[in-house]
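Given next are the chains, with one letter for each unit.
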Amino acid sequence: MNFATRVLHGTSSIDRVTGASSIPIYQASTFHQFDIDQPGEYDYARSGNPTRQALEEMIAHLEGGKYGFAFASGMAAVSSVFLLFSAGDHLVVAEDVYGGTYRVLTNILSRLGVQVTFVDTTDPEAVQAAIQSNTRGLYLETPSNPTLKVTDLALLCSLARDKGLLTIVDNTFLTPYYQRPLELGADIVVHSATKFIGGHSDVVAGLVATRDERLGKQLYAIQNGFGSILGVQDCWLVMRGLKTLKTRLDVSSQSAAAIARWLDAHPLVDRVYYTGLPEHQGHYLQTRQASGHGAVLSFDLGSRERVKILLDAVKLPLVAVSLGAVESILSYPAQMSHASMPPEERRQRGITDGLLRLSVGLEDVDDLIADLEQALAATARYASANNTSSKSCGNW
Ligand SMILES: *Cc1c(COP(=O)(O)O)cnc(C)c1O
């Protein structure tokens, strides 16, 4: 079965009891035991609930795993996975990791004695060099945010396996439709289902999948013990969103590619980051390990002044944090997702004061381009009014 079919019929998508066309919201915290000598499948909803279970089976299936888990947010999923490690353990983590992941590692897990080294995981030698005798895990995110650097998953997973490390991959940006890390050798996949999987900017959720039985049991014990489960209403919303994941991503990614090409040719744009552009440094690797380039791109306008004018002038995209929704979302990393990073470090990573990230939604692509065109024109008027060059030097 292909993905479009699997996302609808891969696991039971109808209610086993009534045949209802969507899995019902079992709004129950506890389950009556008809015979205490023969306990039922469910007893208490933190430990298991049929609505949540349906979602968990679906993410396991789509990622090519066996065990799935739904959490109260992407960060609850990420943090729960980190609880696999113990005081004295060391992790090697992608330096471009999601800001919340960076914060939980440096502010909370560090207090519990888990040590971390952040490295540029696009450089396998740097990863190799960071591995110590107490290293237990490798944590990756590809493409990275917001400059979309691509990490070689198969290569790093096999390197980690040789050293006995667990590999964990945050697959939020591409989803299992475009990239399946477990099939490339990863042990655990994590998601912010708040983004493309939910897809409608109306729910905060996290998912985890693995195919390893021992890890599945450990993750279950953490989910049940720590207790940051996803509520049943939100499970239902995520399943509702998942049904159209493939169709949404087809359209959004096609539009993202068209917008990236258009921006790339635009004289008022210094630089565009999109793995679908052949000149992007990760283009060929991405083409090899993923079946698509996704719906997120970044572009650099050269200055904060021009960013400000553009954000005031655009009419269609939300100006907001987050990504992966039916509506386009324009984010300003320097003041949003990466605000807490020291300015010098931001600049080194290409997160300049002129950089914007666009998550492309389902609007008509010509309307999106027209909106961006009029907003870019507004920045040109500012530039000529201030008698400055509108095109600064992009450094390819
Ligand atoms: C949003 C995001 C997270 C965190 O997820 P929440 O649902 O916001 O807790 C983790 N990783 C990536 C790549 C994200 O974009």
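Residues numbered from 1 in each chain as written. Predicted model: local features only at pLDDT ≥ 70, side-chain atom pairs only at ≥ 80, totals over all residues. Heavy atoms only, no water.

(A) Just the site of the ligand, in detail. All residues adjacent to the ligand are Ser73, Gly74, Met75, Tyr98, Glu141, Asp170, Thr172, Ser192, Thr194, Lys195, Val204 and Ala205. The backbone of Met75 places a nitrogen or oxygen atom 2.8 Å from an oxygen atom of the ligand. Out of a free accessible area of 380 Å², the ligand has 92% covered by protein chains. For the shell around the ligand, the residue count by class is four nonpolar, five polar and three charged. (Near = heavy atom within 4 Å. Polar contact = N/O pair within 3.5 Å; in protein donor to acceptor, adjacent residues only side chain to side chain. Areas by Shrake-Rupley, 256 points an atom, 1.4 Å probe, with all protein chains shown as cover. Nonpolar A, V, L, I, M, F, W, Y, C, P; charged D, E, K, R; others polar.)

(B) The sheet that holds strand β10 (residues 318-319), seen in detail. Overall, mixed pairing links the five strands, which are arranged β8-β9-β12-β11-β10 in an open sheet. Looking at strand neighbours, the two that pair on one side only are β8 (271-273) and β10, the edges of this open sheet. As defined by bridge partners, strand β11 (residues 329-331) adjoins strand β12 (residues 355-359) across three bridges and the pair is classed as antiparallel. Looking across to β12, one finds that Ser331 is bridged to Arg357. Packed onto the sheet, helix α10 (residues 245-264) meets β8, β9 (296-300) and β12 and runs at close to 10 degrees relative to β9. Against the sheet, helix α12 (residues 304-313) contacts β10, β11 and β12, and its axis sits at roughly 30 degrees relative to β12. (Pairing = 2+ DSSP bridges. Helix = DSSP H or I, 4+ residues; strand = E, 2+ residues; numbered from the N terminus. Contact = heavy atoms within 4.5 Å. Axes fitted to C-alpha atoms, helices over the stretch in contact; angles between N-to-C directions.)

(C) Looking closely at the nonpolar core. Counting 35 residues, the largest nonpolar core has Leu55, Val238 and Leu242 as its most contacted members. When contributions to this core are tallied by element, the ones reaching two or more residues are α1 (3-9), α2 (50-62), α7 (175-178), α9 (232-242) and α10. Here the element with the most residues in this core is α2; it accounts for five residues. Counting contributing residues, this core receives three or more from each of domain 1 (3-242) and domain 2 (245-385). (Core = buried A, V, L, I, M, F, W, Y, C linked by side-chain atoms within 4.5 Å. Buried < 20%, exposed > 50% of the residue type's maximum accessible area, 1.4 Å probe, protein only. Domains from an automatic or database assignment.)

(D) Here's a closer look at the domain arrangement of the protein. As assigned here, the protein comprises domain 1 (3-242) and domain 2 (245-385). The gap between the C-alpha centroids of domain 1 and domain 2 is 27 Å. Taken together, the contacts link 34 residues of domain 1 with 41 residues of domain 2. Between domain 1 and domain 2, roughly 3100 Å² of surface is buried when both sides are summed, and carbon and sulfur atoms account for 59% of that area. Contact with domain 2 buries surface across domain 1, with Pro146, Tyr178 and Phe196 losing the most and accounting together for 24% of the total. The interface formed by domain 1 and domain 2 contains two salt bridges. Close ionic contact of Asp96 with Arg349 constitutes a salt bridge, the shortest N to O distance being 3.7 Å. For the pair domain 1 and domain 2, the number of links is 18 residue pairs in polar contact (both at pLDDT 80 or more). (Buried area = accessible area lost by both parts, 1.4 Å probe. Salt bridge = Lys/Arg side-chain N within 4 Å of Asp/Glu carboxyl O.)

(E) Structural view of the packing of aromatic side chains. Here the structure, examined in full by the defined rule, presents five aromatic pairs. Measuring from ring centre to ring centre gives 4.6 Å for Tyr177 and Tyr178, while their planes differ by 25 degrees; the resulting arrangement is stacked. In this pair, the class of Tyr177 matches that of Tyr178, namely buried. An aromatic cluster is built from Phe3, Tyr177 and Tyr178, whose rings are joined through pairwise contacts. (Phe/Tyr/Trp six-rings, centres within 6.5 Å; stacked < 30°, edge-to-face > 60°.)

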